[in-house]
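Examining the three-dimensional arrangement
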Protein chains: 2
Amino acid sequence: MGFFKNIFSKSRHTPQEGGIFFTEMQNILGFAPLDINHYIKAFTHRSSNKLDDKGFPINYERLEFLGDAMLGSVIAAHLFNEVPTGDEGYLTKMRSKIVSREHLNELGRDLNLIKWVESKVSTQHFGENIHGNLFEALIGAIYLDRGFEGCEQFIKKKVIVPYVDIPKLEGKVISYKSLVIEWCQKEKKTFHFEVYEDNGIEGQKHFGVKLKIDGEIIARARATSKKKAEEKAAQRAFFAFQEKINKK
Amino acid sequence: MGFFKNIFSKSRHTPQEGGIFFTEMQNILGFAPLDINHYIKAFTHRSSNKLDDKGFPINYERLEFLGDAMLGSVIAAHLFNEVPTGDEGYLTKMRSKIVSREHLNELGRDLNLIKWVESKVSTQHFGENIHGNLFEALIGAIYLDRGFEGCEQFIKKKVIVPYVDIPKLEGKVISYKSLVIEWCQKEKKTFHFEVYEDNGIEGQKHFGVKLKIDGEIIARARATSKKKAEEKAAQRAFFAFQEKINKK
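It should be emphasised that the depicted structure is a prediction, and the values quoted were computed from it without experimental measurement.

So, how was this worked out
Residues numbered from 1 in each chain as written. Chains lettered and ligands numbered in written order. Predicted model: local features only at pLDDT ≥ 70, side-chain atom pairs only at ≥ 80, totals over all residues. Heavy atoms only, no water. Helix = DSSP H or I, 4+ residues; strand = E, 2+ residues; numbered from the N terminus. Buried < 20%, exposed > 50% of the residue type's maximum accessible area, 1.4 Å probe, protein only. Contact = heavy atoms within 4.5 Å. Areas by Shrake-Rupley, 256 points an atom, 1.4 Å probe, with all protein chains shown as cover. 1 Å grid on protein atoms, 1.4 Å probe; cavity = no way out; pocket = protein on both sides within 12 Å on 5 of 7 lines; lining within 4 Å. Points joined across faces, edges and corners; volume = space filled by probe spheres on them. Polar contact = N/O pair within 3.5 Å; in protein donor to acceptor, adjacent residues only side chain to side chain. Pairing = 2+ DSSP bridges. Least-squares fit on C-alpha atoms with pLDDT ≥ 70 in both. Buried area = accessible area lost by both parts, 1.4 Å probe. Salt bridge = Lys/Arg side-chain N within 4 Å of Asp/Glu carboxyl O. Nonpolar A, V, L, I, M, F, W, Y, C, P; charged D, E, K, R; others polar. Expected span 1.5 Å × (residues − 1). pLDDT = per-residue confidence, 0-100. Phe/Tyr/Trp six-rings, centres within 6.5 Å; stacked < 30°, edge-to-face > 60°.

On to the overall build of chain A. Scanning chain A from N- to C-terminus turns up 10 helices and 5 strands. Buried positions account for 44% of the 248 residues belonging to chain A. Relative to all contacts within chain A whose residues are 6 or more apart in sequence, the contacts with residues 24 or more apart total 54%. Total accessible area computed for chain A in this model is approximately 13500 Å², and 52% of it derives from carbon and sulfur atoms.

What follows deals with the layout of surface pockets. Residues and elements named next belong to chain B. Within this model, the largest pocket holds a volume of roughly 1000 Å³. Lining the largest pocket are 29 residues, with His103, Glu106, Tyr163, Lys168 and Gln235 sitting closest to its centre. Taken together, the elements giving at least two residues each to the lining of the largest pocket come down to helix H5 (88-98), helix H6 (101-110), helix H7 (130-163), helix H8 (166-169) and helix H10 (226-247). No other element matches H10, which puts 8 residues into the lining of the largest pocket.

Looking now at the side chain of threonine 44 of chain A. Residues and elements named next belong to chain A. Looking at where threonine 44 falls in the secondary structure, it is placed in the loop between helix H3 (36-42) and strand E1 (50-51). Judged by relative accessible area, which is 0%, threonine 44 ranks as buried. Within polar-contact distance, the side chain of threonine 44 engages the backbone oxygen of isoleucine 40 at 2.7 Å. Beyond its immediate chain neighbours, meaning those up to four positions away, threonine 44 contacts Gln16, Lys50, Ile58, Asn59, Tyr60 and Glu118.

Let us now look at the pairing of strand E4 (residues 206-213) of chain B. All names here are of chain B. With 7 of 8 residues buried, E4 lies mostly within the body of the structure. With 7 bridges joining them, E4 and strand E5 (residues 216-223) adopt antiparallel strand pairing. When the sheet's bridge partners are listed, glycine 208 is paired in E5 with arginine 222. From the end of E4 to the start of E5, which pair antiparallel, there are 2 residues, and aspartate 214 there has a positive phi angle of about 50 degrees.

Moving on: the relation of the copies chain A and chain B. Note: a rotation about an axis with an accompanying shift along it relates these two copies of the chain. In screw terms, the move from chain A to chain B is a rotation of 180 degrees and a rise of 0.0 Å along the axis, fitting with an RMSD of 0.1 Å. In symmetry terms, the pair is related by a two-fold rotation axis.

Note on interface size: it is often stated as the accessible area lost on association of the parts. Taken together, the contact between chain A and chain B spans 29 residues of the former and 29 residues of the latter. The junction of chain A with chain B conceals about 2600 Å² of combined surface from both sides, 68% of it contributed by carbon and sulfur atoms. For the chain A face of the interface with chain B, the top three residues by lost area are Arg62, Phe65 and Phe80 of chain A, together amounting to 33%. Linking chain A with chain B are 0 salt bridges, by the criterion used here. The interface formed by chain A and chain B includes 9 residue pairs in polar contact (both at pLDDT 80 or more). Of the residues contributing to the side of chain A that touches chain B, the split by class is 15 nonpolar, 6 polar and 8 charged.

Residues and elements named next belong to chain B. Structurally, histidine 38 can be placed in helix H3 (residues 36-42). In this structure, the C-alpha to C-alpha distance between histidine 38 and aspartate 145, residues 107 residues apart in sequence, is 6.8 Å. Contacts of histidine 38, omitting those with residues within four sequence positions, involve Leu63, Ala141, Leu144 and Asp145.

Attention now moves to helix H4 (residues 61-82) of chain A. Taking 1.5 Å per residue as the helical rise, H4 of chain A with its 22 residues ought to reach 32 Å, and the 32 Å between its terminal C-alpha atoms agrees with that figure. Here H4 of chain A lies mainly inside the structure; 19 of its 22 residues are buried.

This part takes up the pattern of salt bridges. Pairing is possible between side chains that carry opposite charge, provided their charged atoms lie close to one another. What the rule picks out here adds up to 16 salt bridges over all chains. Close ionic contact of glutamate 136 of chain A with arginine 101 of chain A constitutes a salt bridge, the shortest N to O distance being 3.4 Å. On the criterion of sequence distance, the pair formed by glutamate 136 of chain A in helix H7 (residues 130-163) and arginine 101 of chain A in helix H6 (residues 101-110) is long-range, its members being 35 residues apart. For glutamate 136 of chain A, a relative accessible area of 4% translates into the label buried. Among the ionic pairs, glutamate 118 of chain B bridges to lysine 50 of chain B, the shortest N-O distance being 3.1 Å. Here glutamate 118 of chain B, found in the loop between H6 and H7, pairs with lysine 50 of chain B, found in strand E1 (residues 50-51); they are 68 residues apart in sequence, far enough to count as distant. Under the relative-accessibility criterion, glutamate 118 of chain B is labelled buried at 11%.

With that out of the way, let us pick up the confidence of the model for chain A. Residue and element names in this part refer to chain A. In the predicted model, chain A carries a mean pLDDT of 85, and 87% of its residues have values of at least 70. By mean pLDDT, the top-scoring element of chain A is H4 (97), and the lowest-scoring one is helix H1 (residues 2-11) (38). Across residues 1-12, where pLDDT falls below 50, the model places 0 contacts with residues more than four positions away in sequence or in other chains.

A word on the environment of histidine 103 of chain A. All names here are of chain A. Along the chain, histidine 103 falls in helix H6. What makes histidine 103 buried here is its relative accessible area of 11%. Residues histidine 103 and histidine 131 lie 28 residues apart in sequence; the distance between their C-alpha atoms is 9.9 Å. Filtering out sequence-adjacent residues up to four positions away, histidine 103 remains in contact with Lys97, Ile98 and Tyr163.

Counted by the stated rule, this structure contains 11 aromatic pairs over all chains. Residues phenylalanine 21 of chain B and phenylalanine 43 of chain B carry aromatic rings whose centres are separated by 5.9 Å and whose planes lie at 85 degrees to one another, so their mutual orientation is edge-to-face. Of the two residues, phenylalanine 21 of chain B sits in helix H2 (residues 20-29) while phenylalanine 43 of chain B sits in the loop between H3 and E1, which places them 22 residues apart along the sequence. Comparing phenylalanine 21 of chain B with phenylalanine 43 of chain B, the two get one shared label, buried. Here the aromatic residues Tyr143 and Phe148 of chain A together with Tyr143 and Phe148 of chain B are joined through ring pairs into a cluster of three or more.

Below, the structure is given as structure tokens:
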């Protein structure tokens with residue numbers, strides 16, 4: 001058994017060396033990497049003890065610093081343009097909410113970045129922050145590969161469009177679920193949140209929820225808890241309704 | 001007297017409306033503004049109570065937020081590239097030193113940005129931080145006018161080249177003045193720091209210093225205190241020596 005295990009681990013590719021790493025990165029990024037080495041670095045944990053040809057360590061920790069800075073300024077520019085009435089204090093507060101540790105962890109987890117980590121430590125021993133750290137490192141790699149505009153494109157697609165919901169961040173909307181329930185009660189409609197998926201694999205638990213109104217599926221969403229998935233589905237239903245109202 | 005004063009203040013241009021504002025901005029920026037309105041905003045204090053055509057206030061406060069973010073990420077990228085051995089903690093600490101409030105005030109003061117402020121409050125009533133705030137707002141305006149690359153170009157020219165001295169920031173060099181003195185004593189050379197200028201105008205005090213070694217002028221520098229000007233001159237002398245040594 002020891003023999004086979006040994007053979008296996010010697011011939012085994014690191015997660016990034018498999019041919020699908022490039023393709024998968026392309027899927028996540030929305031563009032083809034120009035220099036895949038930046039992305040390999042973004043997924044290399046310090047425990048691998050790798051060194052480059054100049055003897056400098058290869059791991060993602062420095063890229064986190066770079067990615068954090070780029071994320072901060074892309075979000076700053078977005079808020080500056082989107083909320084012309086917001087003063088400096090407002091903009092600072094909104095940005096902190098968007099780039100909070102908790103939110104970054106959620107972003108990294110949703111992209112399942114941990115799957116690509118090369119490490120000598122089992123990923124089960126990483127804390128919760130690994131998800132956000134990898135997300136920041138990925139943005140750092142994008143900056144090196146594609147410049148500030150590459151970061152803007154990625155952050156817009158993966159952070160701003162799906163997550164940056166200004167009324168909710170402002171606390172004007174506490175919960176889309178309660179808005180939807182309120183509306184259904186007022187309109188005398190039935191509603192039902194149905195859990196349709198729950199894979200219990202540790203470290204990547206996901207719940208899927210369907211929101212039905214009067215028996216019709218209005219929205220679906222997946223998230224790391226039932227509560228979050230319900231809220232996301234309610235939010236999607238809310239924005240779909242709003243779009244309908246706007247088109248009238 | 002009241003009559004003349006009134007006439008005068010009515011016909012008087014705001015600092016930015018004078019024809020030289022564009023030219024002067026071009027000198028400061030190193031490129032021609034594409035949309036001068038961004039720069040006018042960057043120098044408009046909230047006390048002017050100006051509104052744009054949508055009724056939003058025109059002043060530089062929101063631009064400070066934007067400029068602060070862009071400055072942070074340009075410096076982050078510079079340090080990332082320049083110090084390949086520096087870990088995340090090192091990079092974070094170095095950046096904090098470069099973008100410290102004190103340093104930003106020095107940068108704004110050196111460019112004499114306060115000269116262009118439109119305000120209903122006398123500039124004498126502004127605190128010390130006005131200099132740094134204007135500097136940040138100017139970077140915000142550059143971002144709107146010329147994008148991230150415009151910021152990079154400006155910050156490189158006005159912050160990185162003249163001020164970002166990594167050994168000094170690291171604390172490896174406490175004072176270039178003491179290095180120069182030490183060297184002169186060892187080499188049995190005479191040295192003399194000579195103050196050659198001291199305009200005492202409040203708010204824009206400047207001292208000029210010449211550093212002479214064995215009677216020969218080796219370096220000159222200007223700064224807001226005698227001590228700072230001496231240090232700057234010593235630093236210039238040090239780097240000039242170093243260049244000579246490297247060329248040998």
